[in-house]
Amino acid sequence: MTTVPALNLDSRQWMLRRMLEIRIAEEQIQGLFMQNLIRGTTHLCIGQEACSVGIAHALQPGDTVTCTYRGHGHALALGMTMQKLIAEMMGKASGACKGKGGSMHLTDASIGLLGENAIVGAGLPIAVGAALSAQVKGESRIAVAIFGEGATNIGTFHEALNMAAIWKLPVLFICENNLYGEYSPMENTTPVAHIAERATAYNIPGVVEDGQDAEAVYDAVKEAADRARYGEGPTLLELKTYRYRGHSRTDTAPYRRPGELDEWLKRDPIDVLARKMIADGQLDETELEELKQGTERLVFDAIEWAKAEPFPPIESLFEDIYA
Amino acid sequence: MPQMTYREAVCKALADEMRTDEQVIFFGEDVAVAGGVFKVTPGLYEEFGSNRVRDTPISEQAIVGAALGAAITGLRPVAELMFADFVFVCMDQIVNQVAKYRYMSGGQFTVPLTIRAAQGAGAGFGTQHSQCVESFLMGCPGLKLVVPSTPADMYGLLRGAIREDNPVFVLEHKLLYNMTGDVPDDTGPMKLGEAHVVREGNDVTIVSTQLMVHRSLEAATELEKEGISVEVIDLRSLAPLDKDTILDSVAKTNRLVIVEEAPHSAGWGGDIVSLVADEGIYWLDAPIKRVNMGQALVAYSPPLEDTVVPNVGRIAEAVRNVAQR
């Protein structure tokens, strides 16, 4: 982890705003879940927002992303509207997937989001395919697979990295290492300290980066994306991060080590960027507070709008099974 | 009429579609330089090059997943899984991803993807390389499934599958690769979902697929000498299923025998029974009989393998049984 070059003001403001949107939306999602307005399960990325915005900011139009069920942040960072996201989670017809996907299947082809995936590791080969089509067609777009460290223990991780490496495909494998695979700490399931070490098995670069610093994430992703775009093949990028909440809705994470959460809260991704901006005279506390309040209004408005939206018609159950 | 083998029909269909549409690519294990372990795809690599025809590592999950990813980003991939038994190695990608990708996204993607694999017993490959896998795939709405039994159907259905904007499994039967047949020059891509009445008859209907169609035809010839007139239907496509052709035939013959190269439980034959029970039960003059592998597995030893797969004698016996009632 080297010194991170500062991004320009526009970029910083964009990343800060998007991180606040993700944070506030997810806090509300938890509440909507408790009210039974969102069903099933949800997996929050609170604490990991710098990963989402750093990745999204480094991508270009046409690039594609597959991610996991902990993907609300990626969807918002890539540009899914708050309305589409909330409506989808409520199962409404105006949701991103017409209510057929829900929290774990957010998809928006118009912004390159090929889909969250509810099966651990399943998005990696799909990203390989998106990169394959770019290579076959001679297009400069890249594909990104985002996954947790738990996914690096499943077979698709190996198959996808191996295939991408031999074909030098324009794909980034980005591991958000939040230290826990479901309820299990990484050291109980994984025999390496850094996921990036696994890159050596595929003869591709393995990079470790601070996942709490949006600018550092941007920088690392940009560098790997450039390599991929120039035909130099895939990179395995590990972002060290932490989820403040449990694995899913009912998990209070009693398995955490004492004091661990407090340590990570000191490096909260929103604070990290806001502090830098304040230090550089680009933001003051009042502006930050206004920004938070404005974002809350955006989220609350989207929730009220989505509540009033209709559910999909029953006939739609049989639509879109086949083209 | 040009004659070609079932094997050659696969290769010609692939080549013709690749010449027609540059979005069509083809990959799988040993399919490019070596031309396939069943020598089905020689020459494609030489004609279309390493960008569009690729050898993959032994990575079935990545093969299917990459084909899906390519299909939703502008290509029309054909992936080969070699032995159909290998579908079980990548069942997540097939069932949870390929079959559901369009649906989960609310119709944002089409999935123009063809997966080819060779199935069937009778070649001494043993238990893990001899299964027919259709029934495992039929529980997945979102997939289409074709099972050609002749060179002409193989050619037309594979071309039709490649042009589909939906994921299609094309299952090839290993024992048919050497079968020769006419493939008329004007054969184009065939529509999926149309059964073929291969032999007309009045007394008993046999519904079958692939190798079992040929054995049923042999049984029909034998039974004709006994005065039993058998109609043989080759389904050609299991999803979608041509219900009308089945029901029309049962309405005529009033008797039904279903011949499957698969275990009995949850076999596709059960769906045909259900269809006729639902929509044609008053036409029936006899119980429906299913001829299949029971709950046995394919064994290596020749007499065991020969016994487990329905043969002409077992098919004829089932037909006699229902014809006498």
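Please read all numbers here as calculations on a predicted model, not as lab measurements.

Notes on the overall build of chain A
Next up, step 1: The number of helices and strands found in chain A is 11 helices and 8 strands.
Next up, step 2: Buried positions account for 57% of the 323 residues belonging to chain A.
Next up, step 3: A separation threshold of at least 6 residues defines the contact pool for chain A, and within that pool the share at least 24 residues apart is 75%.
Next up, step 4: Of the roughly 12800 Å² that chain A leaves accessible, carbon and sulfur atoms contribute 52%.
Next up, step 5: Taking the 30 positively charged and 44 negatively charged side chains of chain A as two groups, their mean positions are separated by 3 Å.

Re the domain arrangement of chain B
Residue and element names in this part refer to chain B.
Next up, step 1: Structurally, chain B comprises domain 1 (3–182) and domain 2 (196–323).
Next up, step 2: For domain 1 versus domain 2, the distance between C-alpha centres works out to 26 Å.
Next up, step 3: In this assembly, 30 residues from domain 1 lie in contact with 22 residues from domain 2.
Next up, step 4: For the pair domain 1 and domain 2, the summed buried area comes to about 2000 Å², and 57% of that belongs to carbon and sulfur atoms.
Next up, step 5: Inspection of the domain 1/domain 2 interface yields 1 salt bridge.
Next up, step 6: For Asp 153, the salt bridge is made with Arg 236, and the minimal N-O distance between the two is 3.1 Å.
Next up, step 7: There are 16 residue pairs in polar contact (both at pLDDT 80 or more) connecting domain 1 and domain 2.
Next up, step 8: Where the side of domain 1 that touches domain 2 is concerned, the elements lending two or more residues are helix H6 (134–137), strand S6 (144–146), helix H7 (151–163) and strand S7 (168–173).
Next up, step 9: Tallied by class, residues from the side of domain 1 that touches domain 2 come to 15 nonpolar, 11 polar and 4 charged.

Observations regarding the interface of chain B and chain A
Next up, step 1: The partner chain A presents 43 residues to the 42 residues of chain B that form the contact.
Next up, step 2: Roughly 3300 Å² is buried in total at the junction of chain B and chain A, and carbon and sulfur atoms are behind 60% of that figure.
Next up, step 3: Summed over the three residues of chain B that lose the most area to chain A, namely Arg54(B), Tyr103(B) and Met104(B), the buried surface amounts to 20% of that side.
Next up, step 4: Remark: the boundary between chain B and chain A carries 1 salt bridge.
Next up, step 5: Across the pair Arg102(B) and Asp320(A) runs a salt bridge whose closest N-O atoms are separated by 3.4 Å.
Next up, step 6: Summed over the shared surface of chain B and chain A, the number is 24 residue pairs in polar contact (both at pLDDT 80 or more).
Next up, step 7: Only strand S2 (24–28), strand S3 (53–55), helix H3 (60–71), helix H4 (91–98) and helix H5 (101–104) of chain B provide two or more residues apiece to the side of chain B that touches chain A.
Next up, step 8: For the side of chain B that touches chain A, the element with the highest residue contribution is H3(B), accounting for 9 residues.

Some thoughts on the pattern of salt bridges
All names here are of chain A.
Next up, step 1: Evaluation of the coordinates by the stated rule reveals 39 salt bridges over all chains.
Next up, step 2: Salt-bridge contacts for Glu 139 lead to Arg 141; the nearest nitrogen and oxygen are separated by 2.6 Å.
Next up, step 3: Here the salt bridges do not stand alone but share partners, grouping Arg 12, Asp 213, Glu 215, Lys 276 and Asp 280 into one network.

Some words on the packing of aromatic side chains
Next up, step 1: Applying the stated criterion across every chain, the model contains 15 aromatic pairs over all chains.
Next up, step 2: A ring pair is formed by Tyr242(A) and Trp264(A), whose centres lie 5.2 Å apart and whose planes are at 5°; its orientation type is stacked. You can see Tyr242(A) sitting in the loop between strand S8 (235–240) and helix H9 (260–265) and its partner Trp264(A) sitting in helix H9, a full 22 residues away along the chain.
Next up, step 3: Aromatic rings pair up to connect Tyr6(B), Phe38(B), Phe83(B), Phe86(B), Phe125(B) and Tyr177(B) into one cluster.
Next up, step 4: In this arrangement the basic side chain of Lys92(A) is found over the ring face of Phe311(A), its NZ or CZ atom lying 5.0 Å from the centre.
Next up, step 5: Of note, Arg54(B) hangs over the ring of Trp167(A), and the distance from its end group to the ring centre comes to 4.8 Å.

Brief notes about the side chain of Ser133(A)
Next up, step 1: Following the sequence through the fold, Ser133(A) ends up in helix H5 (residues 123–137).
Next up, step 2: In terms of polar contacts, Ser133(A) uses its side chain to reach the side chain of Thr73(B), at 2.6 Å.
Next up, step 3: Beyond its immediate sequence surroundings of up to four residues, Ser133(A) is in contact with Arg141(A), Ala70(B), Thr73(B) and Leu75(B).

A short note on the side chain of Ser216(B)
Residue and element names in this part refer to chain B.
Next up, step 1: One can find Ser 216 in helix H8 (residues 210–225).
Next up, step 2: Take Ser 216: its relative accessible area is 0%, and that puts it in the buried class.
Next up, step 3: With residues up to four places along the chain from it excluded, the contact list for Ser 216 reads Ile 206, Ser 208, Val 232, Val 259 and Ile 315.

A few points about the nonpolar core
The tendency in soluble globular proteins is for nonpolar side chains to be buried as a group.
Next up, step 1: Judged by nonpolar contacts, the single largest core of 83 residues is most densely connected at Phe173(A), Leu81(B), Ile94(B) and Phe169(B).
Next up, step 2: Looking at which domains feed residues into this core, each of domain 1 (3–182) and domain 2 (196–323) of chain B gives three or more.
Next up, step 3: For Leu81(B), the contacting residues outside a window of four places in its chain are Glu60(B), Ile63(B), Val64(B), Phe86(B), Val87(B), Cys90(B), Ile94(B), Ile115(B), Arg116(B), Ala117(B) and Phe169(B).
Next up, step 4: Ranked by size, the runner-up nonpolar core spans 69 residues in total, among them Leu44(A), Ile46(A), Ala50(A) and Cys97(A).

Quick word on unusual backbone geometry
All names here are of chain B.
Next up, step 1: Each neighbour pair has its own omega, and for Ala 239 with Pro 240 the value is 0°, a cis peptide bond.
Next up, step 2: The topology assignment puts Pro 240 in the loop between strand S12 (237–239) and helix H9 (243–253).
Next up, step 3: For Lys 39, which is not glycine, the phi torsion reads 55° and is therefore positive.
Next up, step 4: Position of Lys 39 among the secondary structure elements: in the loop between S2 and helix H2 (44–52).
Next up, step 5: What makes Lys 39 exposed here is its relative accessible area of 51%.

Regarding the sheet that holds strand S9 (residues 196–199) of chain B
All names here are of chain B.
Next up, step 1: Spatially, the 5 strands line up as an open sheet ordered S9-S11-S10-S13-S14, and their pairing is mixed. What marks the edges here is a single partner per strand, and that holds for S9 and strand S14 (289–291). Along the sheet, successive strands turn relative to each other by an average axial angle of 25°, direction set aside.
Next up, step 2: In the sheet, S9 pairs with strand S11 (residues 230–234) via 3 bridges, with the strands oriented antiparallel. Bridge assignment links Val 197 to a residue of S11, and that residue is Ile 233.

Calculation rules
Within any chain, residue numbers begin from 1 and follow the written order of that chain's sequence. A letter from A marks each chain and a number from 1 marks each ligand, given out in the order of writing. Reporting in this predicted model follows two pLDDT cut-offs: at least 70 for local features of residues, and 80 or more for side-chain atom pairs to be given and counted; totals over whole chains, interfaces and linings ignore these cut-offs and use all residues. Hydrogens and water molecules were not included; the side-chain quantities draw on all heavy atoms of the structure. Strands here are runs of E lasting at least two residues and helices are runs of H or I lasting at least four, both read from the DSSP assignment and numbered beginning at the N terminus. Here the term buried applies to any residue with accessible area under 20% of the maximum for its type, exposed to any over 50%, and partly exposed to those in between, with areas from a 1.4 Å probe on protein chains only. When checking whether two residues touch, look at their non-hydrogen atoms; a contact exists if any pair is within 4.5 Å. Residue-level accessible areas treat just the shown protein chains as cover; the underlying method is Shrake-Rupley with a 1.4 Å probe. Asp and Glu are treated as the negative residues and Lys and Arg as the positive ones, with His and the ends of the chain left uncounted. Charged groups are reduced to one reference atom each: NZ for lysine, CZ for arginine, CG for aspartic acid, CD for glutamic acid. Domain boundaries shown here were taken from an automatic or database domain assignment. Buried area adds together the accessible area that both of two parts lose upon being put together, with accessible area traced by a 1.4 Å probe. The term salt bridge refers to a side-chain nitrogen of Lys or Arg lying within 4 Å of a carboxyl oxygen of Asp or Glu. Any N or O atom pair separated by 3.5 Å or less is treated as a polar contact, with the protein-specific requirement of one donor-capable and one acceptor-capable atom, and with residues adjacent in sequence counted only for side-chain atom pairs. Each residue receives one of three labels: charged for Asp, Glu, Lys and Arg, nonpolar for Ala, Val, Leu, Ile, Met, Phe, Trp, Tyr, Cys and Pro, and polar for the others, Gly being one of them. Within 6.5 Å between ring centres, the rings of Phe, Tyr and Trp (the latter by its six-membered ring) count as paired, and their orientation is classed by plane angle as stacked under 30 degrees, edge-to-face over 60, tilted in between. Over a ring means this: the NZ of a Lys or the CZ of an Arg is within 6 Å of the ring centre and within 35 degrees of the ring normal. Throughout, nonpolar core names a set of buried Ala, Val, Leu, Ile, Met, Phe, Trp, Tyr and Cys residues whose side chains join them through atoms within 4.5 Å. Strand pairing is assigned whenever DSSP detects at least two bridges linking the two strands. Geometry is summarised by axes, namely lines fitted to C-alpha atoms with helices restricted to the contacting stretch, and by angles between N-to-C directions that run from 0 to 180 degrees.

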